[in-house]
Amino acid sequence: MNGRSESTLANMDVPQGLDVRPSVFEDSGALVLLFLFFYFMATVFLMPVLAPWAAPVSFVVFFQLLAIGLAFDLADTSLALLSPQPLDLPRLDTITNRPGVAVLMLVCDDLVQEAIERLCRIPVGDTAVYVLDDSRDSLTQDLVDAAGLRVVRRGTRAGNKAGNLNHWLKLFGPQHEYFIVLDSDSMLPDGFITAMLGYAEHPRNRRVAIFNSLTEAWNRHLPFPRLLSAATPLSNWLRIRTSNRETTVLSVGHNNLHRTAAVIEVGGFDEEFVAEDVAITLRLMRAGWLSKLVNLRSYDAEPGDIFSFAKRQIRWAKQTIQIQWAPRERLPFCVQVQMFRLAWMYLGTFLYPMWALLTAWGARSTLKDAHAILSALLAGSPGGIRGLTPFCVSLLLPLGLLLAKLPFLRAARVPLREFIPHVLLSWAITFYLMFAVCRAQLNTILGSAVQFDVTRKRFRRVTMSSILLNYPGLWLFLLAVSVGLLGNPLALFLAAPWWCVMVFSPVIIFVAHGPKKQLPIMEHSLP
């Protein structure tokens with residue numbers, strides 16, 4: 001370890017600016033207060049105008065979909081406005097005595113040839129490169145061996161990714177002061193490792209155990225990943241201005257640097273949970289170690305098709321529910337808030353089918369009712385205008401949020417021509433996968449074991465028929481809602497924007513895959 005030694009936690013002083021036991025107003029206080037403010041404002045302004053539209057239960061569900069997401073979104077953007085410059089950690093420009101660091105790429109029958117070729121370009125010296133291969137496929141193993149890197153295999157897949165990392169820690173961990181975790185599709189730009197060590201070696205960061213980078217997609221030359229990742233620069237722009245307001249942030253699981261002594265001190269990665277990244281954050285936090293975000297870009301690959309994306313999304317939903325059972329004692333308020341937001345990202349999916357069914361079946365109307373509203377509107381009657389309020393809200397609210405983000409889009413250099421299709425695709429995927437995601441969460445809540453389903457990295461040909469046949473339960477649901485709307489045409493008219501996205505979600509997803517011909521990787525896709 002180059003003659004260096006790691007101090008134990010007990011021998012370390014808390015560095016200035018990194019208090020591990022802050023008050024609520026020093027971590028998530030501002031976010032929570034802003035969230036409550038915007039949620040209250042939404043309740044005051046949206047509830048009176050939307051309440052007359054639908055049956056009470058349907059209204060409550062729709063309101064929650066609008067208000068909670070709107071409040072969190074506005075809270076984040078408000079905090080970003082308070083920080084025009086990135087809230088980055090201090091970093092050393094030069095390191096006189098470079099510590100030992102290992103780069104670990106984890107592979108499990110999902111090798112990405114472009115990524116491992118990039119890994120081979122890391123300069124030798126103080127950086128040791130390992131491939132932790134849990135593959136069972138002989139072809140994948142041969143390709144890993146052909147790369148000429150140091151390969152570490154074990155005789156089991158017990159503990160999933162956490163078990164693989166713990167196996168390496170046991171064999172080689174004490175030889176390296178730091179290690180960087182990469183997924184099989186990760187790529188690091190030149191200078192990344194040196195810059196990360198500059199953060200890790202700064203005296204004020206000595207209680208930080210995990211340094212997370214800002215990931216972007218390197219496979220944007222493909223149509224579907226390009227639309228999926230269109231808003232990533234905006235997300236990163238907001239994160240680097242808001243995340244480090246928290247005492248600690250949840251680890252992103254890859255493309256991040258770990259302080260080996262801290263991870264070993266807490267017993268390594270928790271093999272009980274598939275979400276090993278969140279679990280290690282909680283373990284470290286209880287021991288007084290932090291996880292932070294730094295202003296460094298790194299790269300991974302977005303799924304190349306809807307089926308790979310669905311597999312990843314369903315796994316994330318299951319592991320997010322599972323991690324909610326992790327021990328929460330001695331965790332600060334900021335971590336509790338982040339865990340709630342993480343859970344709401346997936347639990348909120350249950351509200352979508354509830355809202356659709358209650359809207360369709362929660363009240364009865366006739367074509368005469370719809371005609372009466374249109375006639376009143378054409379006649380300039382205030383009653384007709386009020387009757388169209390839900391329709392206007394469902395259109396103007398997303399448009400208003402889009403307009404509010406225009407300055408951020410410009411600052412993050414996100415083209416509007418990509419951002420709008422990205423939003424449309426996101427909603428289409430949400431509706432398309434809502435039953436699969438809800439079923440996965442329900443099974444996990446009821447005690448089903450969570451398996452690490454590896455995301456397939458090879459491109460699968462996508463056709464309209466394959467999209468339609470992959471989730472047949474969705475069409476039974478749409479049929480049930482359609483029958484209900486036949487007896488409630490007024491609801492169909494007032495909820496038309498969302499209903500159109502739901503019905504045409506397979507078409508939107510199919511078009512998002514673009515031409516069938518695949519383009520080669522462009523050299524400028526990764527700096």
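For the structure given in this document, a descriptive report is provided here. Keep in mind it's a predicted model, so treat the numbers as computed, not measured.

Criteria and cut-off values
- Residues numbered from 1 in each chain as written.
- Predicted model: local features only at pLDDT ≥ 70, side-chain atom pairs only at ≥ 80, totals over all residues.
- Heavy atoms only, no water.
- Helix = DSSP H or I, 4+ residues; strand = E, 2+ residues; numbered from the N terminus.
- Buried < 20%, exposed > 50% of the residue type's maximum accessible area, 1.4 Å probe, protein only.
- Pairing = 2+ DSSP bridges.
- Axes fitted to C-alpha atoms, helices over the stretch in contact; angles between N-to-C directions.
- Contact = heavy atoms within 4.5 Å.
- Patch = residues over 30% accessible without salt bridge, like charges linked within 9 Å, V, L, I, M, F, W, Y side chains within 5 Å.
- Areas by Shrake-Rupley, 256 points an atom, 1.4 Å probe, with all protein chains shown as cover.
- Salt bridge = Lys/Arg side-chain N within 4 Å of Asp/Glu carboxyl O.
- Core = buried A, V, L, I, M, F, W, Y, C linked by side-chain atoms within 4.5 Å.
- 1 Å grid on protein atoms, 1.4 Å probe; cavity = no way out; pocket = protein on both sides within 12 Å on 5 of 7 lines; lining within 4 Å.
- Points joined across faces, edges and corners; volume = space filled by probe spheres on them.

### Considerations on the environment of Thr366
Line of reasoning, step 1. Turning to its location among the elements, Thr366 is positioned in the loop between helix 13 (351-361) and helix 14 (367-378).
Line of reasoning, step 2. Classification of Thr366 by relative accessible area gives partly exposed; the value is 38%.
Line of reasoning, step 3. Counting along the chain gives 121 residues from Thr366 to Gly487, while the straight-line C-alpha distance between them is 6.8 Å.

### Description of unusual backbone geometry
Where the residue is not glycine, phi is negative for most of them; where a peptide bond is considered, it is trans in most cases.
Line of reasoning, step 1. Residues other than glycine seldom take positive phi values, yet Asn255 does so here, at roughly 55°.
Line of reasoning, step 2. Note on placement: Asn255 falls in the loop between helix 8 (232-242) and strand 6 (256-259).
Line of reasoning, step 3. By relative accessible area, Asn255 is classed as buried at 0%.
Line of reasoning, step 4. Here the phi dihedral of Arg330 falls at roughly 60°; this positive angle occurs in a residue that is not glycine.
Line of reasoning, step 5. With respect to the helices, strands and loops of the structure, Arg330 is situated in the loop between helix 11 (306-323) and helix 12 (333-347).

### A word on the sheet that holds strand 7 (residues 290-300)
Line of reasoning, step 1. The strand order across the open sheet formed by seven strands is 3-2-1-4-6-5-7, and the pairing between neighbours is mixed. Lying at the two open borders of the sheet, with one neighbouring strand each, are strand 3 (150-152) and strand 7. Put simply, the sheet's adjacent strands are angled 25° from each other on average, direction ignored.
Line of reasoning, step 2. Summarising the sheet, strand 1 (residues 101-107) and strand 4 (residues 178-182) pair through five bridges and their orientation is parallel. Among the inter-strand pairings, Leu104 is bridged to a residue of strand 4, identified as Val181.
Line of reasoning, step 3. Relative to strand 7, helix 6 (residues 192-200) is tilted by about 170°, and along the sheet it contacts strand 1, strand 2 (127-133), strand 4, strand 5 (208-217), strand 6 and strand 7.

### A word on a nonpolar patch on the surface
Line of reasoning, step 1. A contiguous nonpolar surface patch, about 520 Å² in accessible area, is contributed by Trp325, Leu347, Leu442, Ile445 and Leu446.
Line of reasoning, step 2. If you trace the backbone, Leu446 turns up in the loop between helix 17 (416-445) and helix 18 (464-470).

### Brief notes about the nonpolar core
Line of reasoning, step 1. Grouped together as the largest cluster of nonpolar side chains are 49 residues, with contacts concentrated most on Ile180, Ile193, Phe211, Leu257 and Ile323.
Line of reasoning, step 2. Per-element tally for this core: the top contributor is helix 6, with seven residues.
Line of reasoning, step 3. Beyond its immediate sequence surroundings of up to four residues, Phe211 is in contact with Leu89, Met196, Tyr199, Ala200, Asn205, Asn256, Leu257, Arg259, Lys292 and Val294.
Line of reasoning, step 4. Counting residues in hydrophobic clusters, the runner-up holds 41 residues, among them Ala310, Tyr352, Ile429 and Leu474.

### Digging into empty space enclosed by the protein
Line of reasoning, step 1. A complete count under the given rule lists two cavities of 30 Å³ or more for this structure.
Line of reasoning, step 2. Put simply, the largest cavity is a space of about 80 Å³.
Line of reasoning, step 3. What lines the largest cavity is simply Trp355, Ala356, Thr359, Ala360, Val481, Leu485, Ala491, Leu492, Ala495, Trp498, Trp499 and Met502.
Line of reasoning, step 4. The biggest single contributor to the lining of the largest cavity is helix 13, with four residues.
Line of reasoning, step 5. Taken as a whole, the second largest cavity holds about 40 Å³ of empty space.

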